[in-house]
Amino acid sequence: MIINSSQDLVTYQKAADLSLRVLQELKAAVKTGILPIEVDNLAKKLCQEYHVRPSFLGVAGRQGLFPHATCICANDSVVHGIPSSTEKFKPGDTVKVDFGLVYENFFTDHCFTAVIGQPDPKTELLVKTAQKAIQSAALQATTGAYSGDLGHTMHAIALASGFDVLKQYTGHGIGHTLHEQPMLPAHGQPHTGTKLEKGMVLCVEAQLVTGSDQVYVAEDGWTVKMTDRGNTAMFEYMVVVQDKKPIILTPNFNWPIVV
């Protein structure tokens, strides 16, 4: 969507603030011995307390409606993860938690990656590179920039550290529905793609991978996993396009990567 009024901006900022508050509590719940489904149940509980509804719950897919409030992935599971009710978090896991809510018909969608315990050097580099790549792209979301500019930045930063990005999944616009135009691939060429307009609300995201960018969908019909079983990291930030610098709706750039 394109925000055209100060009231809509204020409302969206309230939605994003609430969503970030929930995501912070979810991050605090990611610990050794905890089941991912427990984190998902916490998300549902917090949505009830805040009188909002989860963005993802009921989203249509090939296997029917998505049954959870969060997408939670660990290690070689990269995106759209069904929160496990059997596999507990363990030291060294690279955990991705993706969450959104709906507040006064404004949707949010954002994600963090954190490592449980001290990461090995390659995992630390992967997560920090993902954080840097996506934050750098988010800060480029200014009037007149192109989606290819953002994608090129993310891909170039990933490649410079020896990683790649998934090409099958993209960032996107957001507003009164979860996924809107424009699509924002995590790769591309400068000055190509969609020209960004002032007021556009965007979810800037990428999935960085340690090896091949080939994936498959697990038997649950939702969870996307790496074919080569490589490790993965993902961040997603919400921004509003402005003339000189974007408004960062989800300003959690400085969250630690270790829990």
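*Asks:* So what's going on with the state of the cysteines? Residues and values would help.
*Replies:* Two cysteines, two sulfur atoms, one covalent bond between them: this is a disulfide. Going through the model one piece at a time under the given rule, you end up with zero disulfides. Not part of a disulfide, Cys73 finds its nearest cysteine sulfur in Cys71, a span of 6.8 Å. Counting only cysteine sulfurs, Cys111 is the nearest neighbor of Cys203, a cysteine outside any disulfide, at a range of 11 Å. A residue is classified by how much of its surface remains accessible, and Cys203, at 0% relative accessible area, is buried.

*Asks:* Explain the pattern of salt bridges to me, using residue names and the numbers behind them.
*Replies:* By the definition in use, this model includes nine salt bridges. A salt bridge links Glu124 to Lys128; the nearest nitrogen and oxygen atoms lie 3.0 Å apart. Separated by four residues within a single helix, Glu124 and Lys128 lie in helix α3 (residues 121-138), roughly one turn from each other. Taking the relative accessible area as the measure of exposure, Lys128 reaches 44% and is therefore partly exposed. The residue Asp164 makes a salt bridge to Lys167 at a minimum N-O spacing of 3.1 Å. We classify Asp164 as buried; its relative accessible area is 17%. Here Lys167 falls in the partly exposed class, since its relative accessible area comes to 28%. Beyond isolated ion pairs, a larger network of salt bridges with shared partners links Asp76, Lys225 and Arg229.

*Asks:* Could you give an account of helix α1 (residues 6-29), naming the residues involved and the relevant values?
*Replies:* With 24 residues, α1 extends 35 Å between its outermost C-alpha atoms, agreeing within 8% with the 34 Å of an ideal straight helix rising 1.5 Å per residue. Among all positions in α1, only Thr11, Tyr12, Ala15, Ala16, Leu18, Ser19, Leu20, Val22, Leu23, Leu26 and Lys27 are buried.

*Asks:* Give me the lowdown on the packing of α3 against helix α4 (residues 147-160), citing residues and values where you can.
*Replies:* Closest axis-to-axis distance for the α3/α4 pair is 8 Å, and the angle between their directions is 160°. Classed by the angle they form, the pair α3 and α4 counts as roughly antiparallel. Note on packing geometry: the crossing formed by α3 with α4 is right-handed. Residues Thr129, Lys132, Ala133, Ile134, Ser136 and Ala137 of α3 form the contact with α4, whose participating residues are Leu150, Thr153, Met154, Ile157 and Ala158.

*Asks:* Please set out the sheet that holds strand β5 (residues 77-79) residue by residue, giving values where relevant.
*Replies:* Note: strands within a sheet are paired through backbone hydrogen bonds, in either parallel or antiparallel orientation. One open sheet accounts for three strands, arranged β5-β15-β14; its pairing is antiparallel. Edge positions in the open sheet fall to β5 and β14 (215-217), since each of these has one partner strand only. Here the strands of the sheet are splayed against their neighbours by 40° on average, with no regard to which way each runs. In terms of strand pairing, β5 meets strand β15 (residues 224-226) through two bridges, oriented antiparallel. Following the sheet pairing, Val79 is matched in β15 by Val224.

*Asks:* Go over unusual backbone geometry with me, naming the residues and quoting the values.
*Replies:* Here Gln181 and Pro182 are connected by a cis peptide whose omega angle stands at 0°. Residue position: Pro182 is located in strand β12 (residues 180-185). With phi around 50°, Glu104 is a residue other than glycine that occupies positive phi space. Residue class for Glu104 comes out exposed when judged on its relative accessible area of 56%.

*Asks:* An account of α3 is requested, with residue identities and associated values reported.
*Replies:* An α-helix turns once per 3.6 residues; consequently, residues spaced three or four apart project the same way. In a regular helix each residue adds 1.5 Å, so 18 residues correspond to 26 Å; α3 covers 26 Å between its end C-alpha atoms and thus fits that length. When we look at burial in α3, the residues that qualify are Thr123, Leu126, Val127, Thr129, Ala130, Gln131, Ala133, Ile134, Gln135, Ala137 and Ala138. On the buried face of α3, the contacting elements are β6 (94-99), β9 (110-115), α4, β13 (201-209) and β16 (232-240).

Here is what the cut-offs are and how they apply
Every chain begins its residue count from 1, and numbering advances along the sequence as written. Predicted model: local features are reported for residues with pLDDT of at least 70 only, side-chain atom pairs are reported and counted for 80 or more only, and whole-chain, interface and lining totals are derived from all residues. Only hydrogens and water are removed before side-chain values are computed, so all heavy atoms of the structure are retained for them. The disulfide definition used here is simple: a pair of cysteine sulfur atoms within 2.5 Å. For the exposure calls, accessible area comes from a 1.4 Å probe over protein chains only, and a residue counts as buried if that area is under 20% of its type's maximum, exposed if over 50%, partly exposed in between. Any carboxyl oxygen of Asp or Glu that lies within 4 Å of a side-chain nitrogen of Lys or Arg is treated as forming a salt bridge with it. We count a stretch as a helix when DSSP gives it H or I for four or more residues in a row; a strand needs E for two or more, and each element gets its number in order from the N terminus. Helix span is expected to be 1.5 Å times the residue number reduced by one. Comment: axis = line fitted to C-alpha atoms, over the contacting stretch for helices; angle = value between 0 and 180 degrees taken between N-to-C directions. Each angle is binned into one of four classes, with values under 35 degrees roughly parallel, values over 145 roughly antiparallel, values of 65 to 115 roughly perpendicular, and all other values oblique. Helix crossings fall into two classes, left-handed where the near helix is turned counterclockwise from the far one by less than a right angle and right-handed where it is turned clockwise. Residue contacts are defined here by distance: any two heavy atoms, one from each residue, within 4.5 Å place the two residues in contact. Should DSSP find at least two bridges between two strands, the strands are taken to pair.

Shape descriptors only; they carry no functional weight alone.
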